[in-house]
Amino acid sequence: MKHILILSFFFIAANSFAQTPGKGDTVRFCFIKYKIPAGCKAISEYQVTCDDYTMTWTYLTPQTFQTMPDQIINQMAGQMKKFKKEPVTCYLFDNQVKGYKISFKTNQGTSHQLIAYGLANEQLVLVQLSLEKEPKINEDIPAFPRQMISLSK
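Residues numbered from 1 in each chain as written. Predicted model: local features only at pLDDT ≥ 70, side-chain atom pairs only at ≥ 80, totals over all residues. Heavy atoms only, no water.

Before going further, it helps to examine the nonpolar core. Counting residues in each nonpolar core, the largest one holds 30 residues, and the members touching the most others are F29, W57 and V125. Those elements that place two or more of their residues in this core are β1 (26-29), β5 (53-59), β6 (81-92), β8 (109-120) and β9 (123-131). Once residues within four sequence positions are removed from consideration, F29 is found in contact with Y34, M55, W57, Y59, F93, V125, V127 and M148. In terms of nonpolar packing, the next biggest core, distinct from the first, is built from 14 residues, L60, I115, L124 and L126 among them. (Core = buried A, V, L, I, M, F, W, Y, C linked by side-chain atoms within 4.5 Å. Buried < 20%, exposed > 50% of the residue type's maximum accessible area, 1.4 Å probe, protein only. Helix = DSSP H or I, 4+ residues; strand = E, 2+ residues; numbered from the N terminus. Contact = heavy atoms within 4.5 Å.)

Put into structure tokens, the structure is as follows:
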């Protein structure tokens, strides 16, 4: 899990743009301001962490959009035990985007991620949602990230 966070921070620092820093209890996602839920915290202007999930996002240029998602997934596959990925249709806001459900073994059990990337509110973005349980339906996605990412309309 530490490798994923390090990888996420690297990509955020290297490829982010068009983001206004959060004001302590808010973050911006694709130009829209969101209040951070009670019990959660903004680790950065691109990451919200709660007890049962972490949501990280990075903005992409058209050039990084072509290669970065595959690079992240391939790096995870090479580092994680019992790595599995399943292509899924995801939605960022109401836009259909490409996505994967990912699972892998950790010392604590199995971890799950939903990775979605595409155009959301006129912004190319990659979202990594780390969850304790596998997201099978929209209700499996916590309320805060569900404002941005879903498995169906």
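This brings us to the state of the cysteines. All chains considered together, the criterion is met by one disulfide. A sulfur-sulfur distance of 1.8 Å marks the disulfide that ties C40 to C50. Here the S-S torsion is close to 115°, and the disulfide linking C40 with C50 is therefore right-handed. In this pair, C40 is assigned in the loop between β2 (32-35) and β3 (41-44) and C50 in the loop between β4 (47-49) and β5, connecting sequence segments 10 residues apart. Residue C40 is classed as buried on the basis of its relative accessible area, which comes to 18%. (Disulfide = S-S within 2.5 Å.)

Nothing here speaks to function; it is all geometry.
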